[in-house]
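# Coordinate analysis (summary)
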Amino acid sequence: MDLTLTTREAGGKTIVAVGGEIDVYTAPKLRDKITELVADGVYDIVIDMEEVEFLDSTGLGVLVGGLKKVRAHDGSLQLVCNQDRLLKIFRITGLAKVFVIHESADAALASS
C-alpha cells in the first residue's frame, strides 16, 4: 500500500494528513515532507494519522526525528491519532509521553 500526504494550513499550524502505511518503504516520503516544511520555516506541525492503517518502527523513528527538527526551532509536532492499535504502539514504546496526541485535528488546532 502507498502513502498519501496532504498538507493544509489551519489555525496557524500546518496539518499533514497521512493515509496508508508508514513503514520502511514509505517512511522516507513522510520524513522528506517534514524536512521540507521545516526548511520552509514551518515549525508548528500536526501529523493527522486518522487514515494510517499501519505504523512500524521506521515510521516511529521518522516522527521522533521530525519532533527533534521542530523543537530545534522552538516548534511543536503534534499527532492526531484515535485508533487503539496505533495508540497502543505509542504507549508500549513510551512515546505517548513524548508526543502530544489528540483525538481529532480540531482538538489539535484548539491546543496551543
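These remarks concern the structure in this document. Since we're looking at a predicted model, the values are computed, not measured. All chains use their own residue numbering, which begins from 1 and follows the written sequence. Thresholds applied to this predicted model are a pLDDT of at least 70 for local features of residues and 80 or more for the giving and counting of side-chain atom pairs; totals over whole chains, interfaces and linings are not thresholded and use all residues. Calculated side-chain values reflect all of the structure's heavy atoms, with hydrogen atoms and water omitted.

## Things to note about the overall build of the protein
For clarity, the threshold we go by: Every helix listed is a DSSP run of H or I at least four residues long, and every strand listed is a run of E at least two residues long, numbered separately from the N terminus. Note that the radius of gyration is over C-alpha atoms, with the globule rule given as 2.2 Å times the number of residues to the power 0.38. Relative accessible area decides the class of each residue, using a 1.4 Å probe on protein chains only: under 20% of the type maximum gives buried, over 50% gives exposed, and in between gives partly exposed. The contact criterion used is simple: two residues touch if any of their non-hydrogen atoms lie within 4.5 Å. To be clear on the numbers: accessible area is Shrake-Rupley with a 1.4 Å probe, and residue cover counts the displayed protein chains and nothing else.
What the protein contains, in helices and strands, is 4 helices and 5 strands. Secondary structure elements in the protein, listed N-terminal to C-terminal, are β-β-α-β-α-β-α-β-α. Over its C-alpha trace the protein gives a radius of gyration of 13 Å, about what one expects of a compact globule, namely 13 Å for 112 residues. Dimensions of the protein along its principal axes, counting C-alpha atoms only, are 30 × 25 × 20 Å. Looking at the protein as a whole, 44% of its 112 residues qualify as buried. Of the contacts made within the protein by residues no fewer than 6 positions apart, 66% connect residues no fewer than 24 positions apart. Entry remark: accessible area of the protein is about 5,800 Å², with carbon and sulfur atoms responsible for 52%.

## Overview of helix 3 (residues 84-93)
Note: α-helices contain 3.6 residues per turn, so residues at a spacing of three or four share the same orientation. The criterion, for reference: It is the directions from the helix axis to the C-beta atoms whose arc is reported.
For helix 3, the full list of buried residues reads Leu 86, Leu 87 and Phe 90. In an axial view of helix 3, the angular spread of the buried residues amounts to 100 degrees, which keeps them on one side of the axis. Within helix 3, the exposed residues directed more than 90 degrees away from the buried face are Asp 84, Arg 91 and Ile 92. Where helix 3 is buried, its residues touch strand 3 (44-55), helix 2 (57-71), strand 4 (76-80) and strand 5 (101-102).

## Examining unusual backbone geometry
Here the phi dihedral of Asp 74 falls at roughly 55 degrees; this positive angle occurs in a residue that is not glycine. Summarising the element assignment, Asp 74 is placed in the loop between helix 2 and strand 4.

## Let's talk about the packing of aromatic side chains
Convention followed: Here the aromatic set is Phe, Tyr and Trp, taking the six-membered ring for Trp, and pairing holds for ring centres within 6.5 Å; pairs whose planes are under 30 degrees apart are stacked, those over 60 apart are edge-to-face, and all others are tilted.
Overall, the coordinates contain 1 aromatic pair when judged by the stated rule. Pairing Phe 90 with Phe 99 gives two aromatic rings, centres 6.1 Å apart and planes at 75 degrees, and the pair type is edge-to-face. Given the relative accessible area of 0%, Phe 90 is considered buried.

## Looking at the environment of Val 98
Positionally, Val 98 belongs in the loop between helix 3 and strand 5. Considered as a pair, Val 98 and Val 62 are 36 residues apart in the sequence and their alpha carbons are 14 Å apart. Aside from chain neighbours lying at most four places away, what touches Val 98 is Leu 67 and Arg 71.

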